[in-house]
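Topology and contacts: notes
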Amino acid sequence: RQVEYCKNIVKIQVDGMSFKQPEYCSVLGVHVTVGDMDSIKKCVLDNIEELRGKYICVSNVHTTVTAYENRNYRRVQNGAAMVFPDGGPLSIVCRLRGYKNASRVTGPDFMGEIFKEKGVRQFFYGSTPETLDKLRGILEKEHPDIQICGMYSPPFRTLSPQEDEEIVGMINAAKPDIVWIGLGAPKQENWMAKHEGRINAVMVGVGAGFDYFAGNIKRAPMIMQKLSLEWLYRLVQEPKRLYKRYFSTNTVFLIANYRLWKQYRKIKKRR
């Protein structure tokens, strides 16, 4: 069956306001949002006020398998207002299950689209002071109209309740519309869930997005992105850190979706 994005919807209450939650496809128990970049961006921007206090996850194979194996993390993922299919395999599975207009929506691509929008106040939470300084310089040069209302690099340790309260106050005082969270998975998703209803903006977990735009990490060539091989490009860049993660989670994902992958290969051969 073909599902039209934002036409089949479920209403959820966000601080007394109604938000039209887009249709989703369950991939290993994770509610992955169905749509493409244009429709998803429009849905977020049109509902920015209703989304305040909520969060958006950007999921790939690694986070999906982690949620599949960890019930608490799965609750966090499914507690999000939207879950973008950052990984190509997620959108492929959605299409094989009948959601014909399901497309990959990566964190960096979504960030890049929002950076072009005038009047959207943006706060950056995560990474290091050095990366944030580089990020600000590059973004203000490439997007003169961007409204960066704040940046903060939290310490790499557990915060005390008082410190956490001060940070929440600082972010809210900046009056952002979107807070980009760059803490890495699963830390950033757990952080957003913990601060749901406390941050007066929509939170979006973007993983390595800060590093991409700051120039610390290069993105894969477009051909590799289209072939769902961006993970392989990342692996070559950081083999020691990512080898175990990709080997284990990619294997679990392939085994769990074996029948769908067989169907996908048959479709590719027909073409």
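Residues numbered from 1 in each chain as written. Predicted model: local features only at pLDDT ≥ 70, side-chain atom pairs only at ≥ 80, totals over all residues. Heavy atoms only, no water.

1. Overview of the pairing of strand E5 (residues 55-59)
Stated formally: Exposed residues in this analysis have more than 50% of their type's maximum accessible area, buried residues have under 20%, and partly exposed residues fall in between, with area computed by a 1.4 Å probe over protein chains only. For helices the rule is a DSSP run of H or I covering at least 4 residues; for strands it is a run of E covering at least 2, with both sets numbered from the N terminus onward. Two strands make a pair as long as DSSP finds a minimum of two bridges between them.
Taken across its five residues, E5 has five buried, putting it largely inside the fold. Alternating residues of E5 divide into Tyr 55, Cys 57 and Ser 59 and Ile 56 and Val 58, and every residue in both groups is buried. Sheet topology note: the E5/strand E10 (residues 202-205) ladder contains two bridges and is parallel. Residue pairing in the sheet places Tyr 55 in a bridge with Met 203 of E10. When E5 meets strand E6 (residues 82-85), the two strands line up parallel, connected through four bridges. Counterpart to Ile 56 in the pairing with E6 is Met 82.

2. Observations concerning the environment of Arg 198
Basically, it comes down to this: Should any heavy atoms of two residues lie within 4.5 Å, those residues are counted as being in contact.
Here Arg 198 is to be found in the loop between helix H8 (187-194) and E10. Here the alpha-carbon distance between Arg 198 and Val 168, two residues 30 residues apart in the chain, equals 7.1 Å. With near-sequence residues (within four places) excluded, Arg 198 lies in contact with Asp 164, Glu 165, Val 168 and Asn 172.

3. Some points on the packing of aromatic side chains
Keep this limit in mind: A pair of aromatic rings is counted whenever rings of Phe, Tyr or Trp (Trp by its six-membered ring) have centres within 6.5 Å, and the orientation is called stacked for planes under 30 degrees apart, edge-to-face for over 60 and tilted otherwise.
Scanning the entire structure with this criterion turns up eight aromatic pairs. The interplanar angle of 75 degrees and the centroid separation of 5.0 Å between the aromatic rings of Phe 115 and Phe 213 together place this pair among those described as edge-to-face. Taken as a pair, Phe 115 in helix H5 (residues 107-115) and Phe 213 in helix H9 (residues 209-214) lie far apart in primary sequence, 98 residues in all. On the basis of relative accessibility, which here comes to 2%, the residue Phe 115 falls in the buried class. Connected via pairs of aromatic rings, a cluster forms that spans Phe 84, Phe 110, Phe 115, Phe 124, Trp 180, Phe 210 and Phe 213.

4. Thoughts on the nonpolar core
Spelled out, the test is: In these notes, a set of buried Ala, Val, Leu, Ile, Met, Phe, Trp, Tyr and Cys residues joined through side-chain atoms within 4.5 Å is what counts as a nonpolar core.
Of all hydrophobic cores here, the largest spans 34 residues; its most connected members are Tyr 125, Ile 171, Val 179, Trp 191, Ile 199 and Met 203. Those residues in contact with Val 179, other than ones at most four positions away along the chain, are Phe 123, Tyr 125, Ile 171, Ile 199, Ala 201, Val 202, Met 203 and Val 204. If you look at the next biggest cluster of nonpolar residues, it comprises 32 residues, including Ile 48, Ile 148, Val 206 and Phe 210.

5. Considerations on the state of the cysteines
For the record, the criterion: By convention in this document, the label disulfide applies to cysteine sulfur atom pairs within 2.5 Å.
One pass over the structure, following the stated rule, counts zero disulfides. Cysteine Cys 25 remains unbridged, with the sulfur of Cys 94 as its closest cysteine sulfur at 3.8 Å.

By themselves, these are just geometric observations and shouldn't be taken as functional.
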